[in-house]
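Report on the structure
Read off the chains here:
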Amino acid sequence: MIRLSGVSYTYPHGERPAIKNISLGINGNEFIAIMGRNGSGKSTLARLLNGLLLPGQGDVSVDGLSSSRPENLLPIRKKVGLLFPDPDSQLLANLVEEEVAFGPENLGLEPAEIRNRVDTALKMVSMEDYIKYPPYLLSGGQKQRICMASLLAMQPDYLILDEPFSMLDPRGRKDLLTLFKKMREQQGIALVLITHSLEEAMQAERIIIVDNGQIHTIGTPADIMTMGAQLTQVGIEPLEISNFIGELNRNPGVKIPADITDIESLVDILCPSS
Amino acid sequence: MPFILKDVSFTYQKGMAFAQKALKGLDFTVEDGEMLGVMGAAGSGKSTFLQLLNALLKAEQGYVFYEGQDLAQFSKKQLIGLRQEVGMVFQYPEQQIFADLVYDEIAFGPRNIGLDSEDADRRVRESMQQVGLDFAEYSSRRTIALSSGEKRRVALAGILALKPRHLLLDEPTAGLDGEGRRVILDYLQHINRQEHITVIMVAHHLGQLLSVCRRLMIIEKGRIVLDTSVSRILDHYDRLQELGIELPPHLEAAYRLQRRGWKIDTADVGVAAIARQIADKIRSGS
């Protein structure tokens, strides 16, 4: 479990705290989504979860290890893998396989085990054909996949994904989200997904909305999707289907329930005859 | 016609171990003042396509014509002129911000092309207004202290200050929150409709592209697999399914209702237009 107790953080020379007094528990097998506008503190929160940033006040602990003790940082970072949104800022090796092997090598694993992890991780993100490629020759979305493979090869217990899909096409997003969910089921890892897409966040068990450095709302996807205009106020775009239903209901004489999430149910309500 | 591509192919690292064909035999025309959305999977060739249009990359085979002239024949001086007329906004453009102050960042381009400080100042004010950044509030702010949505707008203003006639954008809304996305998309639609600037944008969200573009192109493995006017998007329903691209809910619903015998005109793909027709049908009890 990752536990945050009364955590605040202010960047050096920052005028105001980026994170203010957040307390939160993330269970070892949970899938939670974090949402909020640009600049709300989501990425700062992500960096606090694996000890990349240390709280100015309060405490962050991972499976009982507090990030305030320097000797805990290495074990914490082995447990908690963090993926940044921009792939170019985290690629460093000359070849894809070296890139993915970098983490496992640093863990001091046997060469055969490293090979195995690299191959498996690349296969998981469907990039096994690029094993000998230099990362700089890949497209933005392919680089994002390589960064994911690097993270997976470390076999962390918690995956913190900060907008991991921003450069991927819809099918790529769906495939990778399915992969992460399967890993959670089969290997019991926890997923923390930071996203601007409520459609993606709906797949989580809990959604946390961060605003102005504080937790604004914690709820189930069903709670969050029906927040209506409140969502826009915290910089979140409602589901496309909710927008559509809202637009339908603007017309006099039309009243469609706001909590419908699948098109076929909606079409059945609109046209019940068939 | 600003851009004509004839049988264009492009290979990265040609003749090397990692040679990779990015585009294959592309034939394509863009009209003045079009607003074109480009989709495709990672590595499909979308970004390569954009970079061919302002000669950052040169076609390895075939021709790219700009205003009737073969880009391969352009002199260095002509290329500088081309890149002022054809503005390019890369992925995550805010990472290319280097000036300390917002004003200096946006003024860099105009100063660089030799405008005096008065003209440069006018360009800065105009382009800030275009992207919705208040001059008094933002011009003396430090770029490092801006949010990513604000930085994105500063980067965009920097390109606009060069007064491009055509604008190429690679995923201009990636990583932005709902509000930031809306501002950028509305703004792009505005400069296209009001100022007749050609806009060619790569994006991954079909709903967003349909909400502002008039034409949609999908690239897969280096080839154009769909090229349609947005008003005819439902004609290609099966193709989109094959490509694994989901329609936005209002169009998916319209399609399924059409299949159930409802007459819904989808020439206007806007949510409001579709919703209004459906509401009319419900009221008339059909």
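Residues numbered from 1 in each chain as written. Chains lettered and ligands numbered in written order. Predicted model: local features only at pLDDT ≥ 70, side-chain atom pairs only at ≥ 80, totals over all residues. Heavy atoms only, no water.

This paragraph deals with the interface of chain B and chain A. Each side of the interface is counted separately: chain B has 49 residues, and chain A has 41 residues. When the two sides are added together, the surface that chain B and chain A hide from each other amounts to roughly 3,900 Å², 57% of it contributed by carbon and sulfur. Summed over the shared surface of chain B and chain A, the number is 6 salt bridges. Of all the elements, helix H11 (residues 271-283) of chain B adds the most residues to the side of chain B that touches chain A, at 9 residues. (Contact = heavy atoms within 4.5 Å. Buried area = accessible area lost by both parts, 1.4 Å probe. Salt bridge = Lys/Arg side-chain N within 4 Å of Asp/Glu carboxyl O. Helix = DSSP H or I, 4+ residues; strand = E, 2+ residues; numbered from the N terminus.)

Before going further, it helps to spend a moment on helix H10 (residues 240-249) of chain A. Here H10(A) has its buried residues at Ile241(A), Ser242(A), Phe244(A), Ile245(A), Glu247(A) and Leu248(A). Next to the buried residues of H10(A) lie helix H8 (221-225) and helix H11 (263-270) of chain A together with helix H10 (249-259) and H11 of chain B. (Buried < 20%, exposed > 50% of the residue type's maximum accessible area, 1.4 Å probe, protein only.)

All names here are of chain A. Across the sheet, 6 strands lie side by side as S6-S7-S8-S3-S9-S10; this open sheet has mixed pairing. Looking at which strands have only one partner, the edges of the open sheet turn out to be strand S6 (80-83) and strand S10 (214-219). Pairwise comparison of adjacent strand axes, ignoring direction, gives a mean angle of 15 degrees for this sheet. Strand direction decides the pairing type here: strand S3 (residues 31-35) and strand S9 (residues 206-211), joined by 4 bridges, are parallel. Bridging across to S9, Ile34 finds its partner in Ile208. Sitting on the sheet, helix H6 (residues 170-187) touches S3, strand S7 (158-162) and strand S8 (190-194), and the angle it makes with S8 is about 150 degrees. (Pairing = 2+ DSSP bridges. Axes fitted to C-alpha atoms, helices over the stretch in contact; angles between N-to-C directions.)

Here we take up the nonpolar core. Phe180(A) and Met201(B) are the most contacted members of the largest nonpolar core, which totals 122 residues. Discounting chain neighbours no more than four positions away, the residues touching Phe180(A) are Met148(A), Leu152(A), Leu159(A), Leu161(A), Phe165(A) and Leu191(A). Within the second largest apolar cluster, 30 residues are counted, among which are Leu50(B), Val86(B), Met88(B) and Val202(B). (Core = buried A, V, L, I, M, F, W, Y, C linked by side-chain atoms within 4.5 Å.)

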